[in-house]
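Remarks on the overall topology
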Amino acid sequence: MSALWSVGAGLLLLLLWVRHRGLEAVLVHHRWVFVCLFLLPLSILFDIYYQLRAWAVWRLHSAPRQHAQRVRHIQAQVREWKNEGSKRYMCTGRPGWLTVSLRVGKYKKTHKNIMINLMDVLEVDSERQVVRVEPLVSMGQLTAHLNPMGWTIPVVPELDDLTVGGLIMGTGIESSSHIYGLFQHTCVAYELVLADGSLVRCSPTENSDLFYAVPWSCGTLGFLVAAEIKMIPAKKYVKIHYEPVRGLQKICEKFTEESKKKENSFVEGLLYSLDEAVIMTGVLTDEAEQSKINRIGNYYKPWFFKHVEKYLKADRTGIEYIPSRHYYHRHTRSIFWELQDIIPFGNNPIFRYLFGWMVPPKISLLKLTQGEAIRKLYEQHHVVQDMLVPMKSLEKSIQTFHVDLNVYPLWLCPFILPNNPGMVHPKGDEAELYVDIGAYGEPKRKQFEARASMRQMEKFVRSVHGFQMLYADCYMTREEFWDMFDGSLYHKLREQMNCKDAFPEVYDKICKAARH
């Protein structure tokens, strides 16, 4: 009883404090209070629900049988839209706050919402080494499903909540992308419901134009209802080598050198300042030195980027063996390094041991509860951007990020970009090595102004024939956008498939200049 009185007294004091400071002031300046007391427990309940649901569906083998029925329901909704006169654009009915993107899309309120409840793993084909999944299957769900069977997918983008659909219609990358390319390059087929309600399968040999046009189209060519993704044999551990490097030129040379080595299963760099970085290379293995195993995904372990920083501060190299699934989701618990701005003491050992099992809060819940004040604050004083630039422009790109943003750490992830048709491909006729530079956090540049600074960054990226990931805020004009991306195949298909009355153009869906 005394414990209940103590909890009650504590809650009363908290409510009095919130009333004194004002709810908005608390949510903006002390957001950790709301996150720790409400969002973390809610996030646990979300995870439990989806894990139980996935387990039940698989045990009952109901997903393949129900898939066809659910697709027919989507087709019926599209035909109903046609019968109503096709007066509004269509979009998925999934609430905007459920997406991982921080962008707030307002089009859901004005477009015809098509309900798409497709979140199951449909089939694991060991002979073809292909897994067939629905678009709302998450990376956490997929790796948990495949790893016990001895399989994984070649590119497992960071963060558990990223979905297959989002990674295809947008894009996805991981530290294995220097071998396999972007997430889209590991897919072998897509199934879509088109604007006329028909169901179409596309692959490199079947409806190939559509297959190459779908990635980066953000759902403006049709509704994705299934995808087939390559699988590779899973191994127990990633043997990871940490190497601190100082001096920008040396950092770029070392990172480029390691990215060209196909014997490296994984290559990643964390840049902690303009001239300090740790470059990590990894190799998949089933054998490990027991004394060097680091289960970095355990809730009480330090956040990965903080763990890596120890090698820089100690100025020493190191080797560890990380369980494969822990490695694939190594940045999930801290949402890269975004969580340190939300829960400043989140990496404290006491907090990790007592409450780390509830971390991270769901990004969707953070969006749902952020409020207008926090949204504006983040928009003006916070950056979440991934710019994809040719590896040969890495040094110049890092200098530009430093001058225009001054955000650290920066994430460096190499990838090979094949010369396939579609919106994103190299300037020349051959595949080219690119690098994703990820900037997440509060810019330290004086007089930072979001629109002006990001337009400057976008101009630079266009000048080196780079690309901006479309999950983030984009400030380009329509002409600038189509100067960055190749729209020839995309526009051709929108004309052929009568998409212009059914879906907005991708620019109108994602760019700020179009949405405001």
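In this text, all values refer to a predicted model and were calculated from it rather than measured experimentally.

On to the UniProt feature "transmembrane region" (unreviewed entry) in the protein chain. Mapped onto the present numbering, the UniProt feature "transmembrane region" (unreviewed entry) falls on residues 32-50. Taken end to end, residues 32-50 has its terminal C-alpha atoms 25 Å apart, with 100% of it in helix and 0% in strand.

Looking now at the pairing of strand β6 (residues 187-193). Judged by how many residues are buried, β6 sits mostly within the fold: six of seven residues are covered. Where β6 meets strand β7 (residues 199-202), four bridges bridge the pair, whose relative direction is antiparallel. Counted as the bridge partner of Leu192 is Val200 from β7. Here β6 hands over to β7 after five residues, with Gly197 in that stretch at a positive phi of 90°.

The sheet built from five strands is open, its strands ordered β3-β4-β8-β6-β7 with antiparallel pairing. Looking at the sheet topology across the chains shown, the edges are occupied by β3 (121-125) and β7. Going across the sheet, the axis of each strand differs from the next one's by a mean of 15°, ignoring polarity. Relative to the sheet, helix α5 (residues 139-146) contacts β3 and β4 (130-133), its axis offset from that of β3 by approximately 40°.

For the rest of this paragraph, the subject is the pairing of strand β13 (residues 318-323). Of all six residues in β13, five are buried, a share of seventy percent or more. Direction of pairing for strand β10 (residues 237-246) relative to β13: antiparallel, over a ladder of six bridges. Across the sheet, the residue bridging to His241 is Ile319, located in β13.

In this section: the packing of helix α16 (residues 394-404) against helix α17 (residues 450-463). Two measures define how a pair of helices packs: the angle their axes make with one another and the distance between the axes. Direction vectors running N to C along α16 and α17 enclose 170°, while the axes themselves pass 10 Å from each other. With respect to α17, the element α16 is oriented roughly antiparallel. Contacts from Lys396, Ser397, Thr400, Phe401 and Asp404 in α16 reach Ser453, Gln456, Met457 and Phe460 in α17. Taken together, the residues of the contact of α16 with α17 break down into three nonpolar, four polar and two charged.

To continue, consider the pattern of salt bridges. Within the structure shown, the criterion is met by 28 salt bridges. Here Arg70 and Asp120 are joined by a salt bridge, their closest N and O atoms 2.9 Å apart. With Arg70 in helix α4 (residues 63-83) and Asp120 in the loop between β2 (112-114) and β3, this residue pair connects regions lying 50 residues apart in the sequence. One exposure class covers both Arg70 and Asp120, and it is buried. Glu243 is the partner of Lys254 in a salt bridge, and the nearest nitrogen-oxygen pair spans 3.6 Å. Taken as a pair, Lys254 in helix α9 (residues 248-259) and Glu243 in strand β10 lie far apart in primary sequence, 11 residues in all.

Reading the values: the criteria
- Residues numbered from 1 in each chain as written.
- Predicted model: local features only at pLDDT ≥ 70, side-chain atom pairs only at ≥ 80, totals over all residues.
- Heavy atoms only, no water.
- UniProt positions renumbered as here; feature names shortened; annotations may be inferred.
- Helix = DSSP H or I, 4+ residues; strand = E, 2+ residues; numbered from the N terminus.
- Buried < 20%, exposed > 50% of the residue type's maximum accessible area, 1.4 Å probe, protein only.
- Pairing = 2+ DSSP bridges.
- Axes fitted to C-alpha atoms, helices over the stretch in contact; angles between N-to-C directions.
- Contact = heavy atoms within 4.5 Å.
- Parallel < 35°, antiparallel > 145°, perpendicular 65-115°, else oblique.
- Nonpolar A, V, L, I, M, F, W, Y, C, P; charged D, E, K, R; others polar.
- Salt bridge = Lys/Arg side-chain N within 4 Å of Asp/Glu carboxyl O.

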